[in-house]
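# Examination of the molecular architecture
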Amino acid sequence: ISITGDESKRRLGLLSAVSLVFNRIIGTGVFASTSVILKSSGSVGLTFVMWMIGALVSAAGTAVYVEFGTGLPRSGGEMTYLEYIFRRPELLITCIYAFYSILLGRITAASIAFGEYSLHAVGSELTAANVRVVGGLCIIVCFIVHGVFPTFGIRLQDLLGVFKLAILLLISVCGLFSLIGMPGFSVGEQYDQHCNFTWATFWEGSNTNTDAFVNGIYLVIWSYMGYSNANYALSEVQDPVRTIKRAAPLAMMLVTVVYILVNVAYYAVVSKADILDSGTIAAALFFRNLFGSAAEQILSALIALSIFGNILAILFAQGRVWSVNQELGREGILPWSHILASNEPFNAPFYGLLIQSLVSFLTAILTPEGDAYAFIVNYTSYPISLFNLLVSGGLLLLYTRAYKLYNWDPPFRAPRYAVVFFFLSNVFLVVVPVIPPAPGYEVYRDLPYYSHVIMALSIGLFGILYWFVYFYWLPSKKGYTLKQEVITENGVSQRVFRRIPIDA
């Protein structure tokens, strides 16, 4: 069902593919979720257990998406794979995915974290209004970079990926030096002294409450999401089968090592009490404790830059879901599909990027203040869990006799146990949010705990309603059928629907 671009469009090599995954995953989670995860776990030791569970889930997910990427080496990500598996009713899954792609502001949470670290860097007050203004400006800049200067955007994205790795390695090394007592890396006397790595304090306060543990695991797994990011742009990847087999595992190994080392560094320098009170700026306290408040502000700016790279990576990949090298605009199922499928006027998916940026901007502005970050994270991650559930479940179906006619024989096969584990992990992520939390472990301050579930499922229902009206009810009522044809305009191939009268 896809029409891939010519080889001249393949601009992404191994480094760019690794950068797409690495930049997408390491954005706000390791910088902004440390405090919330510690509150959920209750102890430093249980926090590390959660991060290791997240690593196992992400490894299984990587294997699933590498199998699909090698078997269907073209852009589109989940949409391409779900269309391949679930072919009936025709175009239903495409309509559902289209509405999620339109209405999910996937860069909103990262833009809020960018606003907080940026304001912290310049010493400005962290009011909700200030954070949202700076985050909104960040979204606009990222849109201009990728929408108007696409070649520069790729280079900047790659550069910020290397820069981000350097920042995280700096945190890791400084934390390890402090832990072993290296001169010049001790915590300032005016700050709380940590004592997190004795056996007693390591497990002290471990929370046995199921709701709290589930909340923590949910955030950790969200922090690892992004292992499929290169799959969205495979039509622009050089030698996509070979590259995805190398890039995705390499990026995930880097991510896992960095996450563990950075958490060791945090707890080697910042006291447990300070981390619990840090909100989303635990990394800033790390540098304050070691090098003083001036270094705290400088490093906050550097962290803001690394989050900026994360936003660029997400926007680049999600824009490609709409672009000429991808599927949605070219399927012709939405109004103005010829515009969405175009690379005009800057040889980039300008209008797809515009939609992603606009929705993210509005989500940041309209979300209630106290619950903004948590709601945005949950609202954007819940549909991802739904699609991961369908993708992994669909892959299990491809192994059965009922799907033998599909002749599924990719160059790489994920271990069966990894696929089952990933499937069950996403069952967990989909079911848990609808279970009422225990008192004291509420998800939100002002919103009902199930708010993000209702919002996410409503989007899917809109997609189903659109499919029913446009592809079933209207043709039946007005006496025509829809026939899909491929046309080429200005060198761009896309699909369009022609109305054929039933009695013609």
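Residues numbered from 1 in each chain as written. Predicted model: local features only at pLDDT ≥ 70, side-chain atom pairs only at ≥ 80, totals over all residues. Heavy atoms only, no water.

## Focus: the overall build of the protein
Short version of the rule: A helix here means a DSSP run of H or I that spans at least four residues, while a strand means a run of E at least two residues long, and both kinds are numbered starting from the N terminus. Throughout this description, buried means an accessible area under 20% of the type-specific maximum (1.4 Å probe, protein chains only), exposed means over 50%, and partly exposed covers the range between. All accessible areas in this document rest on Shrake-Rupley with a 1.4 Å probe, and a residue is counted as covered only by the protein chains that are shown.
When its secondary structure is counted, the protein shows 21 helices and two strands. For the protein, the residues scored as buried account for 60% of the 504 residues in total. When the accessible surface of the protein is totalled, it reaches about 20300 Å², and 66% of it is carbon and sulfur.

## A word on the packing of helix α4 (residues 44-71) against helix α5 (residues 78-85)
Packed helices, taken two at a time, are described by the angle their axes make and the gap between the axes. What counts here: Here an angle of 0 to 180 degrees is reported between the N-to-C directions of two axes, which are lines fitted to C-alpha atoms, with helices fitted over the stretch in contact. Any angle between 65 and 115 degrees counts as roughly perpendicular, while under 35 counts as roughly parallel, over 145 as roughly antiparallel, and the rest as oblique. The contact criterion used is simple: two residues touch if any of their non-hydrogen atoms lie within 4.5 Å. In this classification, Asp, Glu, Lys and Arg are treated as charged, Ala, Val, Leu, Ile, Met, Phe, Trp, Tyr, Cys and Pro as nonpolar, and every other residue, Gly included, as polar.
Interaxial distance between α4 and α5 falls to 11 Å at its minimum, and their mutual angle equals 75°. As the angle between them shows, α4 and α5 are arranged roughly perpendicular. From α4, Tyr65, Phe68 and Gly69 reach across to α5, where they touch Glu78, Tyr81 and Ile85. Residue classes in the contact of α4 with α5 are distributed as four nonpolar, one polar and one charged.

## A short note on the nonpolar core
Selection criterion: We define a nonpolar core as any set of buried Ala, Val, Leu, Ile, Met, Phe, Trp, Tyr and Cys residues linked to one another through side-chain atoms lying within 4.5 Å.
Grouped together as the largest cluster of nonpolar side chains are 141 residues, with contacts concentrated most on Ile26, Phe68, Phe286 and Leu398. Residue contributions to this core peak at 15 residues, all from helix α12 (residues 240-269). Setting aside anything within four residues of it in sequence, one finds Phe286 in contact with Ile171, Cys174, Gly175, Ala265, Tyr266, Val269 and Val270.

## What to know about unusual backbone geometry
Most peptide bonds take the trans configuration, and most residues that are not glycine carry a negative phi. Note that the residue after Arg88, namely Pro89, is joined by a cis bond; omega there is -5°. Unlike most non-glycine residues, Asp239 shows phi in positive territory, near 45°. The residue Asp239 is located in the loop between α11 (210-224) and α12 in this model. A positive phi angle is found at Asn407, which is not glycine, with a value near 55°.

## Description of empty space enclosed by the protein
As a reminder of what qualifies: The rule is simple: put a 1 Å grid over the protein atoms alone, call a set of points where a 1.4 Å probe fits but cannot get out a cavity, call an open set with protein on both sides within 12 Å along at least five of seven lines a pocket, and count a residue as lining if it has an atom within 4 Å of a point. Grid points are joined across faces, edges and corners, and a volume is the space filled by probe spheres set on the points.
In total, this model carries two cavities of 30 Å³ or more according to the counting rule given. Taken as a whole, the second largest cavity holds about 100 Å³ of empty space. Lining the second largest cavity are 13 residues, with Arg24, Gly226, Ser228, Tyr232 and Ile384 sitting closest to its centre. By residue class, the composition of the lining of the second largest cavity is five nonpolar, five polar and three charged.

## Thoughts on the environment of Ala212
Considering the arrangement of structural elements, one finds Ala212 in helix α11. Here the alpha-carbon distance between Ala212 and Gly440, two residues 228 residues apart in the chain, equals 9.2 Å. Setting aside its immediate chain neighbours within four residues, Ala212 contacts Ser40, Asn207 and Tyr441.

## Topic: the pattern of salt bridges
To be explicit about the condition: Within this document, salt bridges are pairs made up of a side-chain nitrogen of Lys or Arg and a carboxyl oxygen of Asp or Glu, the two lying within 4 Å of each other.
On inspection of all chains with the given rule, the structure shows two salt bridges. The salt bridge partner of Arg413 is Glu67, with a shortest N-O separation of 4.0 Å. Residue Arg413 is located in the loop between α19 (372-398) and α20 (416-431), and its partner Glu67 is located in helix α4; the two are separated by 346 residues in the primary sequence.

## Side note on the packing of aromatic side chains
As a reminder, the rule being used: Side-chain rings of Phe, Tyr and Trp, where Trp is taken by its six-membered ring, are said to pair if the distance between their centres is within 6.5 Å; with planes under 30 degrees apart they count as stacked, over 60 as edge-to-face, and otherwise as tilted. Charge over a ring is defined by NZ of Lys or CZ of Arg lying within 6 Å of the ring centre and within 35 degrees of the ring normal.
Scanning the model with the defined rule gives 27 aromatic pairs in all. With 6.2 Å between their ring centres and 55° between their planes, Tyr65 and Tyr81 make a pair best called tilted. You can see Tyr65 sitting in helix α4 and its partner Tyr81 sitting in helix α5, a full 16 residues away along the chain. Here Tyr65 and Tyr81 have matching classes, each one buried. Taken together, a centroid distance of 5.1 Å and an interplanar angle of 70° make the contact between Phe177 and Phe185 edge-to-face. When its relative accessible area of 29% is taken as the criterion, Phe177 is described as partly exposed. In textbook terms, an aromatic cluster arises when at least three aromatic residues are bridged by ring pairs, as seen for Tyr65, Phe68, Tyr81, Tyr84, Tyr227, Tyr403, Tyr406, Trp408 and Phe422. Note that Arg87 overlies the ring of Tyr84, its terminal NZ or CZ placed 4.8 Å from the centroid. Positioned above the aromatic ring of Tyr406, the side-chain terminus of Arg87 is 3.8 Å from the ring centre.

## Some points on helix α3 (residues 34-41)
For α3, the buried fraction is high: six of the eight residues fall into the buried class. If you check which residues of α3 are buried, you get Thr34, Ser35, Ile37, Leu38, Ser40 and Ser41. Remark: Gly42 follows α3 within two positions and exhibits a positive phi of approximately 90°.

## Quick look at a nonpolar patch on the surface
We count it as follows: The residues that make up patches have over 30% relative accessible area and no salt bridge, and they are joined within 9 Å when like-charged or within 5 Å when they are Val, Leu, Ile, Met, Phe, Trp or Tyr.
Taken together, the side chains of Val133, Leu137, Ile140, Ile144, Phe149 and Phe152 make up a nonpolar region of the molecular surface, amounting to roughly 570 Å² of accessible area. At four residues, helix α8 (residues 128-148) tops the list of elements feeding residues into the nonpolar patch. Secondary-structure assignment places Phe152 in helix α9 (residues 150-179).

Any link to function would need more than the numbers given here.
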